[in-house]
Amino acid sequence: MADSDSDSSAVNINANAKANATDPTLTPSDPRSPFFMPTSDSPDGSIHKPAAIASDETHAWTLCNSMINNWIHNTIDPLLKPYIHYFSTAKALWDDLRERYSIQNAPKIYQLKSNLFQLRQQGMSVSNYYTKLRGAWDELDVARALPDCPHGSNCPVTQYITKEMANDRVYQFLLGLDNAMFGTIRTQLLNQPLLPSLNKAYSTLV
C-alpha cells in the first residue's frame, strides 16, 4: 500500500512538472516554474540552458528561447533584417545587435564630466551644492553604466571599482567646498583613519 502511494505521488509530481514546464503564465520568479532559482544560485539573474538534452527544463528553455528570438526578429527594423545573423540563442543574437548598433554616449559623457569638473559650491548652500553634484553623478551613471559581471554583485572587481568611484565622489564633494567656511572641517575629514562615505561627509557639514 505504501509503495502504491509513493508511485502515485511520483506520477503526480512528474505530471505537475510537465504542466509547469509549458505553462506560459509562470515566470522565472514563480517557485513553480522549472526556471525558478534562488538568487544565490544565479546572482546575475541569467537562466542557462539545462545540461540534460531530454528534460522538461530543456523543453521549457527551448520554448522561451524561441519565443524571445521570434520577438526580436518581429520587432526589429525591416531594413536591418537582411543583415541579422543566425544565432542559436536569443542572448547571442541580442549581444550581437547591441555590439553593432548601440550608440556611444561620448558627447553626453564629455559634457557631464566637464560640468562636474567646473562645479564648485561658490556661495551656494551645502544642500544645493550637494544636490547639483548628485544630479550630475546620476546622469553620468546612466550614460556610462558598468558592464554586467558574470559573478553579479559578488564580483570582486566590480566591488573594487564601485568603491573607488564612491571615494572619488567624496573627494570631489570636499574639493568643491568653499575654503573660507569649510577648509578646516574638510582637512579633519580627510585626516580620519578611514575616508567617510559621501552621506557621512555631507551630514557632517549640514
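Look up: the structure comes first, before these words.
Model, not experiment: these values are computed from the prediction. (Residues numbered from 1 in each chain as written. Predicted model: local features only at pLDDT ≥ 70, side-chain atom pairs only at ≥ 80, totals over all residues. Heavy atoms only, no water.)

Engineer: An account of the overall build of the chain is requested, with residue identities and associated values reported.
Structural biologist: If you tally the helices and strands in the chain, you get eight helices and zero strands. When the helices and strands of the chain are read in sequence order from the N terminus, they spell out α-α-α-α-α-α-α-α. When the 206 residues of the chain are sorted by exposure, 24% land in the buried category. Within the chain, contacts between residues at least 6 apart in sequence are counted, and of these 50% link residues at least 24 apart. If you sum the accessible surface of the chain, you get close to 14,700 Å²; carbon and sulfur atoms cover 58% of it. (Helix = DSSP H or I, 4+ residues; strand = E, 2+ residues; numbered from the N terminus. Buried < 20%, exposed > 50% of the residue type's maximum accessible area, 1.4 Å probe, protein only. Contact = heavy atoms within 4.5 Å. Areas by Shrake-Rupley, 256 points an atom, 1.4 Å probe, with all protein chains shown as cover.)

Engineer: Give a description of the packing of aromatic side chains that names residues and reports values.
Structural biologist: Following the criterion strictly, the structure yields three aromatic pairs and no others. Ring plane angle 15° and centroid distance 5.6 Å describe the contact between Y129 and F173, whose orientation is recorded as stacked. With a gap of 44 residues between them, Y129 in helix α5 (residues 126-143) and F173 in helix α6 (residues 156-175) connect regions that are remote in the sequence. The pair Y129 / F173 is uniform in exposure class, with both members buried. Where Y130 meets F173, the ring centres are 5.8 Å apart and the plane angle is 80°; that geometry is what we call edge-to-face. Of this pair, Y130 sits in helix α5 while F173 sits in helix α6, placing them 43 residues apart in sequence. With a relative accessible area of 10%, Y130 lands in the buried category. Residue classification places F173 among the buried positions, given a relative accessible area of 0%. (Phe/Tyr/Trp six-rings, centres within 6.5 Å; stacked < 30°, edge-to-face > 60°.)

Engineer: Break down unusual backbone geometry for me, citing the residues and quoting the values.
Structural biologist: Residues apart from glycine generally show negative phi values, whereas peptide bonds are mostly found in trans. One non-glycine residue with positive phi stands out, namely Q122, at about 45°. Within the element layout of this structure, Q122 appears in the loop between α4 (106-118) and α5. By relative accessible area, Q122 is classed as exposed at 66%.

Engineer: With reference to specific residues and values, describe the pattern of salt bridges.
Structural biologist: Evaluated as defined, the whole model comprises three salt bridges. Of the charged contacts, one joins K108 and E139 as a salt bridge, the two residues approaching to 3.2 Å between their closest N and O atoms. Taken together, the residues K108 in helix α4 and E139 in helix α5 connect sequence positions 31 residues apart. A relative accessible area of 39% means that K108 is categorised as partly exposed. Linking R169 and D141 is a salt bridge whose minimum nitrogen-to-oxygen distance equals 2.7 Å. In this pair, R169 is assigned in helix α6 and D141 in helix α5, connecting sequence segments 28 residues apart. (Salt bridge = Lys/Arg side-chain N within 4 Å of Asp/Glu carboxyl O.)

Engineer: Outline the nonpolar core, listing residues and values.
Structural biologist: Core analysis: the biggest nonpolar cluster contains 22 residues, and L133, F173 and L177 have the highest contact counts within it. Secondary structure elements with two or more residues in this core: α4, α5, α6, α7 (179-190) and α8 (198-205). With sequence-adjacent residues up to four places away left out, F173 is seen in contact with V126, Y129, Y130, L133, W137, L198, A201, Y202 and L205. Core analysis: the next-biggest nonpolar cluster, separate from the first, contains five residues, I72, I76, L93 and L97 among them. (Core = buried A, V, L, I, M, F, W, Y, C linked by side-chain atoms within 4.5 Å.)

Engineer: Outline the packing of α6 against α7, listing residues and values.
Structural biologist: Direction vectors running N to C along α6 and α7 enclose 160°, while the axes themselves pass 10 Å from each other. The pairing of α6 with α7 is recorded here as roughly antiparallel in orientation. In the packing of α6 onto α7, the handedness of the crossing is left-handed. Contacts from Y171, L174 and L175 in α6 reach R186, L189 and L190 in α7. (Axes fitted to C-alpha atoms, helices over the stretch in contact; angles between N-to-C directions. Parallel < 35°, antiparallel > 145°, perpendicular 65-115°, else oblique. Left-handed = near helix turned anticlockwise from the far one by under 90°.)

Engineer: Any chance you could break down a nonpolar patch on the surface for me, citing the residues and the numbers?
Structural biologist: On the surface, L146, V157, Y160 and I161 cluster together into a nonpolar patch covering about 380 Å² of accessible area. Relative to the helices and strands, Y160 resides in helix α6. Residue classification places Y160 among the exposed positions, given a relative accessible area of 54%. (Patch = residues over 30% accessible without salt bridge, like charges linked within 9 Å, V, L, I, M, F, W, Y side chains within 5 Å.)

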